[in-house]
Amino acid sequence: MNYWETDPEFMERFEHFAFDEVVNEVRASPYYVDYDDISPNLIRATIAIEDRRFYDHGGFDYIGLVRAAVSQFDEDLLTSGGSTITQQLAKNLYGMFESSWDRKSTEFFVARYLEKHYSKNDIVTLYVNVINYGNNYTGIYEASYGYFDTDPEDLTIAQASLLAGIPQSPNNYELVYHFAQAKQKQYAVLKAMA
């Protein structure tokens with residue numbers, strides 16, 4: 001058991017988060033798509049571009065964090081973020097979008113809780129169900145039907161790699177008004193998958 005799980009101050013601070021209730025609320029949505037009903041192409045593409053060490057960390061990727069910090073100061077490196085899929089899920093579940101140290105520390109603890117109580121498949125499934133895919137599409141069900149008029153389980157590798165790039169910057173990569181940029185991002189997704 002970790003210290004933060006036995007610390008009364010931590011437990012009091014996060015008691016109101018009602019972790020399991022929030023997850024159950026997401027799963028109760030009529031647009032929620034189970035893991036087995038999502039194209040493996042989308043799962044692979046999402047992990048490749050968002051969090052390539054997803055299956056190797058406990059919700060917080062120290063290597064990714066260092067890479068993100070260095071990329072801010074080295075012009076030769078592609079600028080990147082340091083958040084894992086689990087951290088992004090935590091941020092989206094609780095609407096923690098302001099940029100502050102308090103928000104980042106809260107996101108860390110929520111991510112640790114999610115990693116301890118849910119499987120990696122549960123986490124990536126929740127993530128693709130709550131993430132913004134641009135053009136007012138939230139979650140993979142809306143994005144699959146909205147952009148391609150197809151079931152999430154039937155997404156081709158071309159469709160999945162296009163969708164997987166959108167969440168990093170939905171306003172810049174959504175397909176209706178920024179298709180050329182989305183296609184460039186798709187290339188980065190396919191390269192990451194390779």
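Preceding this paragraph is the structure being described.
Here the structure is a predicted model, which is why all the values come from computation and not from measurement. (Residues numbered from 1 in each chain as written. Predicted model: local features only at pLDDT ≥ 70, side-chain atom pairs only at ≥ 80, totals over all residues. Heavy atoms only, no water.)

Chemist: Kindly report on helix α7 (residues 101-117), identifying the contributing residues and their values.
Modeler: An ideal rise of 1.5 Å per residue puts 24 Å on 17 residues; α7 measures up with 25 Å between its terminal C-alpha atoms. Buried within α7 we find Arg103, Thr106, Glu107, Phe108, Val110, Ala111, Tyr113, Leu114 and Glu115. (Helix = DSSP H or I, 4+ residues; strand = E, 2+ residues; numbered from the N terminus. Expected span 1.5 Å × (residues − 1). Buried < 20%, exposed > 50% of the residue type's maximum accessible area, 1.4 Å probe, protein only.)

Chemist: Outline the packing of helix α4 (residues 40-50) against helix α12 (residues 179-193), listing residues and values.
Modeler: In contact at an axis separation of 8 Å, α4 and α12 are set at 95° when each is read in the N-to-C sense. One finds that α4 runs roughly perpendicular with respect to α12. On the side of α4, the interface is formed by Asn41, Arg44, Ala45, Ala48 and Ile49, while α12 contributes Lys185, Ala188, Val189, Ala192 and Met193. Among the residues making up the contact of α4 with α12, the classes are represented as seven nonpolar, one polar and two charged. (Axes fitted to C-alpha atoms, helices over the stretch in contact; angles between N-to-C directions. Parallel < 35°, antiparallel > 145°, perpendicular 65-115°, else oblique. Contact = heavy atoms within 4.5 Å. Nonpolar A, V, L, I, M, F, W, Y, C, P; charged D, E, K, R; others polar.)

Chemist: Can you tell me about the environment of Tyr55, naming the residues and giving the values?
Modeler: As for its position among the elements, Tyr55 is in the loop between α4 and α5 (62-71). Residue Tyr55 is classed as partly exposed on the basis of its relative accessible area of 45%. Spatially, the C-alpha atom of Tyr55 lies 10.0 Å from that of Ser119, the residues being 64 residues apart in sequence. Among all residues touching Tyr55, those that are not within four sequence positions of it are Ile47, Lys120 and Asn121.

Chemist: Give a description of the packing of helix α9 (residues 139-148) against helix α10 (residues 157-165) that names residues and reports values.
Modeler: Viewed as axis vectors pointing N to C, α9 and α10 meet at an angle of 120°, and their least axial separation amounts to 11 Å. Classified by the angle between their axes, α9 and α10 sit oblique to one another. Our pair here, α9 against α10, has a crossing hand that is right-handed. Taking contact as the criterion, the partners of Ile140, Ala143, Ser144, Tyr147 and Phe148 in α9 are, on α10, Gln159, Leu162 and Leu163. (Left-handed = near helix turned anticlockwise from the far one by under 90°.)

Chemist: Give a detailed account of the pattern of salt bridges, specifying residues and quantitative values.
Modeler: Considering all chains together, one arrives at two salt bridges under this definition. A salt bridge links Arg27 to Asp122, with the shortest nitrogen-to-oxygen separation between them at 3.6 Å. With Arg27 in helix α3 (residues 19-27) and Asp122 in helix α8 (residues 120-130), this pair connects stretches of sequence that are 95 residues apart. In this structure, Glu115 and Lys120 form a salt bridge, with 3.0 Å as the shortest nitrogen-oxygen distance. Glu115 gets classed as buried once you look at its relative accessible area, which sits at 16%. Given a relative accessible area of 15%, Lys120 falls into the buried group. (Salt bridge = Lys/Arg side-chain N within 4 Å of Asp/Glu carboxyl O.)

Chemist: Which residues make up unusual backbone geometry, and what values go with them?
Modeler: The phi torsion at Asn136 lies on the positive side, around 65°, for a residue other than glycine. Here Asn136 shows up in the loop between α8 and α9. For Asn136, a relative accessible area of 76% corresponds to the exposed category.

Chemist: Go over the side chain of Gln87, please, and point to the residues and values.
Modeler: In this structure, Gln87 sits in helix α6 (residues 85-94). You can call Gln87 buried: its relative accessible area is 1%. A polar contact is formed between the side chain of Gln87 and the side chain of Glu107, at a distance of 3.2 Å. (Polar contact = N/O pair within 3.5 Å; in protein donor to acceptor, adjacent residues only side chain to side chain.)

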